[in-house]
Amino acid sequence: MSSRIDQRLAEMQASNRCALIAFMTGGDPAPELTVPAMHAMVAAGADIIELGMPFSDPMADGPVIQRSSERALAKGMNLKQTLACLAEFRRTDNYTPVVLMGYLNPIEHMGMQSFAEQAQAAGADGVLLVDCPVEELDTSGEVLSKHGLQQIFLIAPTTSSARLSEICAHGQGFLYYVSLKGITGAGSLATDEVAASLRSLRTQAKVPLAVGFGIKSAEQAAALANDADAVVVGSALVERLATATNAAELNAAAAEILAPLRVAVDDTRRNFAA
Amino acid sequence: MGSACRRLLVRCNVLTSNISKLEPVATLPDERGHFGQFGGRFVSETLMAPLQELTEAYEQAKLDPAFEAEMQSDRRDYVGRPSPIYHAQRLSAEMGGAQILLKREDLNHTGAHKINNTIGQALLAKRMGKTRIIAETGAGQHGVASATVAARLGIDCVVYMGAVDVQRQAINVFRMKLLGATVIPVTSGSKTLKDALNEAMRDWVANVDDTFYIIGTVAGPHPYPQLVRDFNAIVGREARKQMLDRYGKLPDALVACVGGGSNAIGLFHPFLDDKDVALYGVEAAGKGLSSGQHAASLCAGKPGVLHGNRTYLLTDDDGQITETHSISAGLDYPGVGPEHAWLHETGRATYVGIDDQQALAAFHKLSRCEGIIPALESAHAIAYGMQLARELRKDQNVLINLSGRGDKDVHTVATLEGIGL
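Residues numbered from 1 in each chain as written. Chains lettered and ligands numbered in written order. Predicted model: local features only at pLDDT ≥ 70, side-chain atom pairs only at ≥ 80, totals over all residues. Heavy atoms only, no water.

Chemist: Would you mind going over the overall build of chain B with me for this structure?
Modeler: Secondary structure summary: chain B contains 17 helices and 14 strands in total. On C-alpha atoms alone, chain B measures out to a radius of gyration of 20 Å, which is about the 22 Å that the 2.2 N^0.38 rule sets for 421 residues. Across its three principal directions, the C-alpha atoms of chain B cover 55 × 50 × 50 Å. Within chain B, residue pairs in contact and separated by at least 24 positions form 74% of the contacts whose partners lie at least 6 positions apart. Between the averaged position of the 43 positive side-chain charges in chain B and that of its 47 negative side-chain charges there is a distance of 5 Å. (Helix = DSSP H or I, 4+ residues; strand = E, 2+ residues; numbered from the N terminus. Rg over C-alpha atoms; globule rule 2.2 N^0.38 Å. Contact = heavy atoms within 4.5 Å. Lys, Arg positive; Asp, Glu negative; His and termini not counted. Charge placed at Lys NZ, Arg CZ, Asp CG, Glu CD.)

Set out below in C-alpha cells:
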C-alpha cells in the first residue's frame, strides 16, 4: 500500500496543484488545543501536517518556534502526549498525512523501537529528525521503515553534491529544501535563487520537493509554487495560532495565514498551465 | 565522600580492571568523529558543509609547519607557556599521603587553560579567511579568552551569554567589552550556557560565509571535540615531559575537573596509553548527586544527543534537557565531551562527584596552605585530589590540573559567605 504522503502528493501532482504543508508544535498554544489546531489547519487548506515534537533545546529553530516549544513544555507537553494527540486526530481524519518533526534526544530517550511502534500506532506517516543527518541514521532508518514511517530529509543550499546523492538515495516521501541559510522563520528570501536551486535538485530527486524556512507571504509562496511540489509554512502560522484560546479562534487563525497561501499557490499553477 | 560517589568508585574500579584489554585509545575519534558510540555530527543539514570545511581546514593546518610554528610562538610569548608543575609540599604533608603536584594553568594569560584553545582556533579562523568570530560562554572565561585573541588579531567578536550568567558574571562581561567584544545576552530556555550555545549555533548557521565559531569545550559536532582537545593537549604533553625530566617517572594519578571537560581531556589525552596512570575526572555534584541539583552528567546522567554530539546528558523522563546547578559557573553544563563519555564507558578514566561545600573547603584550603587561590572549577579537582592523596603512599604522585585562578570567583565566595565587598 502506498503511504498517505505518496498518495496525497501524487494526487496533487495529477491535478497540477502545489501542496501546502503546515507546521505546528504539539502542545502549543495548549495541549488540549493541539487536535483542534490540526483540524483547523486542514480546514484552512493544509494538505500535509508537520507536527513538531517539542524539545528544550531546538538548535535549528528560530525564536518563534523556540518559544512555542517552551510554551508547550511549560504546559506539561511531552512526546507521549504528542503521539496521543495524533491518535486522537486520526479518529476523525484518516486522510491527511502527518509528519512528526523534532530532535533526536526525546525519541532516543523513549527508545527508537518503542517510538516507531507508538508513532505507527498513532497514525504517523513520516518522521523528520532535524539533528540526525543521513550519516548518523545508523539502524534507526530500518526501524522507522519497518513501522511504515517514511524518513524525510532536509537539503540545504550548502549541501555538497556527494551528500546530495546520498540523501536522494535515502529520502522518502518528499525532500525538504531549506530555502535559506539560517534558522526557521528567519531573514528574507531570494525566491529566484531558491527556484533555480529547486530546478537543479529536481534532476536528482526521486521524490517530490517541498520548500520551507522563511516563507511568510503569499508572494513568496507564489514565486516558488511552480518549481516546488509543496510549500511549507511554519513560524508565521505558529505565531498566529499562539494567540488562539479556543477552536473557533484556531480556525480563524489558521485561515488567516493559510487561505492566502492556498490561493496564491493554486493561482500560480493555474496561470502557468493557462 | 557521599555514598553515591563511593558506589560509583566501586563500580568504576571494577571497570578499570578491564583496561589492559583495551586497544590503544589515543587514535580516536574515527573519520566521522566517533569515540565508540559517542561523538558524531548531529546537526541540521545547513551546518554539515561548514563543519566539513572546518574539518578539512584543520587537517591541512596540521600538516603545515608554519601553523605549528605560529602556535608555538604564541604559546610561549603570548600565553606564557610552558606552565610549571608546582609541588604543593605543605598541602601534601597535611594530607599525609601522596605528593600533590599542581599543573599551573592558572598562570596562563587570561588566567585559565581556555586560552590554549582560543589561540588555536583563532589562528585557524585567520587561515580560513574568516572576518568574524563568535563564541558562547558560561562563566565568561571562554568569552574573555575569545575576545582576547580576537582583539589581538583585529577580528570582530560576538559572545553569546545566558542572561542569567550576564547578571552573575558582571566583571567578565565588562572584561569582554574592554577587549572590544559585543556581548549578547540570551533570554531563551534556561538563559544559561546551553542556551548560549544554541544561540551561537543559530548565528553560525546564518553567517557561515564570514564567521568562525570558537566552541569553548570538547563538546559539539565533529570536529570540535577533537579540535579543542588537540589545542588543549599541550597541557598533558608538557606535564608528561616535566614529570619524566624532574621525577624520572609518570605520575600515579591525574585529577582534573570536568564540566564540558576541555582542561581534563587536555591533561589526560597524552597519557591515555600509559595504562599505569590512573585518570580521575571530577564533576560538580552541586548540592549532592541525590538532590537533583548538580551538573554531574557522567555520574548521574545517561547517553543522548545534544549540541551536535552523542554523549552523557542530564535529562528528565521525557528526554528534555534539565537545568543544572553548581557553585562553579564553568561546570554548570548538562552534557560532557563525547571523549569523556567514551573514557567513562570503557573504564579508562574514573569520574567522581565533588559537591559545592567540598569545593568551597578546598578553595580555602589551597589559598591558606599554598598561597594559591584556585578557580571554583579547579577547586573541585583539588578537593578530590586531596582525598586521593590520603589514600596513596608518600612516594606516589598525584598531579592535579589547576585549570584556572580564582580572582574571578572572589565575589561569588564573599557573597556565599555573607561578606559585602
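Chemist: Just checking my understanding: could you explain the interface of chain B and chain A for this structure?
Modeler: One frequently used descriptor of interface size is the decrease in accessible area upon assembly of the parts. Every contact between the two is made by 38 residues of chain B and, on the other side, 36 residues of chain A. Roughly 3000 Å² of surface becomes buried between chain B and chain A when both sides are summed, with 50% attributable to carbon and sulfur atoms. By the criterion of area lost to chain A, the three top residues of chain B are Glu45, Arg202 and Asp318 of chain B, representing 23% of everything that side buries. Across the chain B-chain A interface, the total number found is 3 salt bridges. With a closest N to O distance of 2.3 Å, Glu45 of chain B and Arg163 of chain A form a salt bridge. At the level of secondary structure, the elements contributing two or more residues to the side of chain B that touches chain A comprise strand E2 (38-42), helix H2 (45-63), helix H9 (193-206), strand E11 (302-306) and strand E12 (308-313) of chain B. Here the element with the most residues in the side of chain B that touches chain A is H9 of chain B; it accounts for 8 residues. (Buried area = accessible area lost by both parts, 1.4 Å probe. Salt bridge = Lys/Arg side-chain N within 4 Å of Asp/Glu carboxyl O.)

Chemist: Can you walk me through the sheet that holds E2 of chain B in this structure?
Modeler: Working definition: the strands of a sheet are paired by backbone hydrogen bonds and lie parallel or antiparallel to each other. All names here are of chain B. Ordered by their spatial adjacency, 4 strands build an open sheet running E1-E2-E12-E11, and the pairing between neighbours is antiparallel. Sheet topology places strand E1 (34-35) and E11 at the edges, where each strand pairs with a single neighbour. Relative to E12, E11 runs antiparallel, the two sharing 5 bridges. Its bridge partner being in E12, Leu306 is matched across the sheet by Asn309. Across the sheet, helix H14 (residues 338-346) lies against E1, E2 and E12, angled at about 45 degrees from E12, the strand it touches most. (Pairing = 2+ DSSP bridges. Axes fitted to C-alpha atoms, helices over the stretch in contact; angles between N-to-C directions.)

Chemist: Looking at this structure, I do not really get H9 of chain B. What am I missing?
Modeler: Structurally, the α-helix is built with 3.6 residues per turn, so residues lying three or four positions apart point the same way. All names here are of chain B. Under the 1.5 Å per step criterion, the end-to-end length of H9 is 20 Å for 14 residues, consistent within 8% with the ideal 20 Å. Counting buried positions along H9 yields 12 of 14 residues, so the element is predominantly enclosed. Inspection of H9 places Leu193, Lys194, Asp195, Ala196, Leu197, Asn198, Ala200, Met201, Arg202, Asp203, Trp204 and Val205 among the buried residues, and these make up the whole buried set. (Expected span 1.5 Å × (residues − 1). Buried < 20%, exposed > 50% of the residue type's maximum accessible area, 1.4 Å probe, protein only.)

Chemist: Hey, could you run me through the nonpolar core in this one?
Modeler: It is characteristic of soluble globular proteins that their nonpolar side chains tend to be buried jointly. Ranked by internal contacts, the top residues of the largest apolar core, which has 107 residues, are Met41, Leu86, Leu100, Phe115, Phe174, Val211 and Leu258 of chain A. Here this core takes 7 residues from helix H12 (residues 247-273) of chain A, the largest share from any one element. Grouped together as the second largest cluster of nonpolar side chains are 52 residues, Leu123, Met161, Val186 and Ile215 of chain B included. (Core = buried A, V, L, I, M, F, W, Y, C linked by side-chain atoms within 4.5 Å.)

Chemist: Can you help me understand the packing of helix H5 (residues 114-127) of chain B against helix H10 (residues 224-232) of chain B in this one?
Modeler: Between two packed helices, the angle of one axis relative to the other and the distance separating the axes together describe the packing. Residues and elements named next belong to chain B. At their nearest, the axes of H5 and H10 sit 8 Å apart, and the two run at 115 degrees to each other. Between H5 and H10 the crossing geometry is right-handed. Along the contact surface, H5 presents Asn116, Asn117, Gly120, Gln121 and Leu124, while H10 presents Tyr224, Leu227, Val228, Phe231 and Asn232. Residue classes in the contact of H5 with H10 are distributed as 5 nonpolar, 5 polar and no charged. (Left-handed = near helix turned anticlockwise from the far one by under 90°. Nonpolar A, V, L, I, M, F, W, Y, C, P; charged D, E, K, R; others polar.)

Chemist: Help me understand the sheet that holds strand E6 (residues 153-155) of chain A in this model?
Modeler: Residues and elements named next belong to chain A. The 9 strands are arranged E5-E4-E3-E2-E1-E9-E8-E7-E6 in an open sheet whose pairing can be described as parallel. Strand pairing shows two members of the sheet lacking a second neighbour, strand E5 (150-151) and E6, which therefore form its edges. Across 4 bridges, the pairing between strand E3 (residues 98-102) and strand E4 (residues 126-129) is parallel. Bridged to Met101 within E4 is Leu128. With respect to the sheet, helix H9 (residues 191-202) is in contact with E6, strand E7 (175-178) and strand E8 (209-212), its orientation differing from that of E8 by roughly 155 degrees.

Chemist: For this particular structure, what's the right way to read a nonpolar patch on the surface?
Modeler: A cluster of nonpolar residues, Phe174, Leu178 and Leu179 of chain B, forms a patch on the protein surface that exposes about 310 Å² of accessible area. Topologically, Leu179 of chain B is positioned in the loop between helix H8 (170-178) and strand E7 (182-186). (Patch = residues over 30% accessible without salt bridge, like charges linked within 9 Å, V, L, I, M, F, W, Y side chains within 5 Å. Areas by Shrake-Rupley, 256 points an atom, 1.4 Å probe, with all protein chains shown as cover.)

Chemist: Whenever I open this one, the pattern of salt bridges confuses me. Can you help?
Modeler: Side-chain pairing between opposite charges can occur once the charged atoms of the two side chains come close. Residue and element names in this part refer to chain A. Throughout the structure, instances matching the rule amount to 40 salt bridges over all chains. As a salt-bridge pair, Asp47 and Arg262 come within 2.7 Å of each other at their nearest N and O atoms. With Asp47 in the loop between helix H2 (34-43) and strand E2 (48-52) and Arg262 in helix H12, this pair connects stretches of sequence that are 215 residues apart. Via salt bridges that share partners, Arg8, Glu11, Arg17, Asp47, Arg262 and Asp266 belong to a single interconnected network.

Chemist: When you look at unusual backbone geometry in this model, what are you seeing that I'm missing?
Modeler: A negative phi angle characterises most non-glycine residues, just as the trans form characterises most peptide bonds. Here the bond from Asp28 of chain A into Pro29 of chain A is cis, since omega is 10 degrees, no more than 30 degrees from zero. Relative to the helices and strands, Pro29 of chain A resides in the loop between strand E1 (19-25) and H2. In the segment running from His222 of chain B into Pro223 of chain B, the intervening peptide bond is cis, with an omega of 15 degrees. Structurally, the position occupied by Pro223 of chain B is in the loop between strand E8 (211-214) and H10. A positive phi angle, near 75 degrees, is found at Thr110 of chain B, a position not held by glycine. On the secondary structure map, Thr110 of chain B appears in the loop between strand E4 (99-104) and H5.

Chemist: Any chance you could explain the packing of aromatic side chains here in plain terms?
Modeler: Any pair of aromatic rings gets described here by the distance separating the centres and the angle formed by the planes. What the rule picks out here adds up to 8 aromatic pairs over all chains. Note on Tyr176 of chain A and Phe213 of chain A: the rings are 5.9 Å apart at their centroids and 90 degrees apart in plane angle, and the pair reads as edge-to-face. Highlighted residues: Tyr176 of chain A in strand E7 and Phe213 of chain A in the loop between E8 and helix H10 (218-224), separated in sequence by 37 residues. Relative accessible area serves as the criterion here: at 4%, Tyr176 of chain A is assigned to the buried category. Accessibility expressed as a relative area gives 8% for Phe213 of chain A, which makes it buried. One aromatic cluster in this structure is built from Trp204, Tyr213 and Tyr224 of chain B. The lysine or arginine in question, Arg152 of chain B, covers the ring of Tyr78 of chain B, its NZ or CZ lying 4.8 Å from the ring centre. (Phe/Tyr/Trp six-rings, centres within 6.5 Å; stacked < 30°, edge-to-face > 60°. Lys NZ or Arg CZ within 6 Å of the ring centre and 35° of its normal.)

Chemist: Just checking my understanding: could you explain the side chain of Asn117 of chain B for this structure?
Modeler: Residues and elements named next belong to chain B. Mapped onto the elements of the fold, Asn117 is located in helix H5. Note on Asn117: relative accessible area 1%, which makes it buried. At a separation of 2.9 Å, a polar atom in the side chain of Asn117 contacts the side chain of Gln121. The residues contacting Asn117, other than those within four sequence positions of it, are His142, Ile214, Ile215, Gly216, Val228, Phe231 and Asn232. (Polar contact = N/O pair within 3.5 Å; in protein donor to acceptor, adjacent residues only side chain to side chain.)

Chemist: Can you walk me through the confidence of the model for chain B in this structure?
Modeler: Detailed conclusions should not be drawn from predicted coordinates in areas where pLDDT is low. Residues and elements named next belong to chain B. Mean pLDDT over chain B: 93, with 94% of residues reaching 70 or higher. Across residues 1-22, where pLDDT falls below 50, the model places 28 contacts with residues more than four positions away in sequence or in other chains. Our summary of model confidence lists the complex with pTM equal to 0.94 and ipTM equal to 0.94. (pLDDT = per-residue confidence, 0-100.)

Chemist: What should I look at first to understand the pairing of E2 of chain A in this one?
Modeler: In summary, the side chains of a regular strand alternate between the two faces of the sheet. All names here are of chain A. Counted residue by residue, E2 has 5 buried out of 5 residues, so it is predominantly covered. Sheet analysis places E1 next to E2, joined by 5 bridges and oriented parallel. Its bridge partner lying in E2, Thr25 is registered against Gly52. Considered for its hand, the β-α-β crossover made up of E1, H2 and E2 is right-handed. Bridge count for E2 against E3 is 4 bridges, and the pairing is parallel. Its bridge partner lying in E3, Ile49 is registered against Val98. (Right-handed = clockwise from strand over helix to strand, strands pointing away.)

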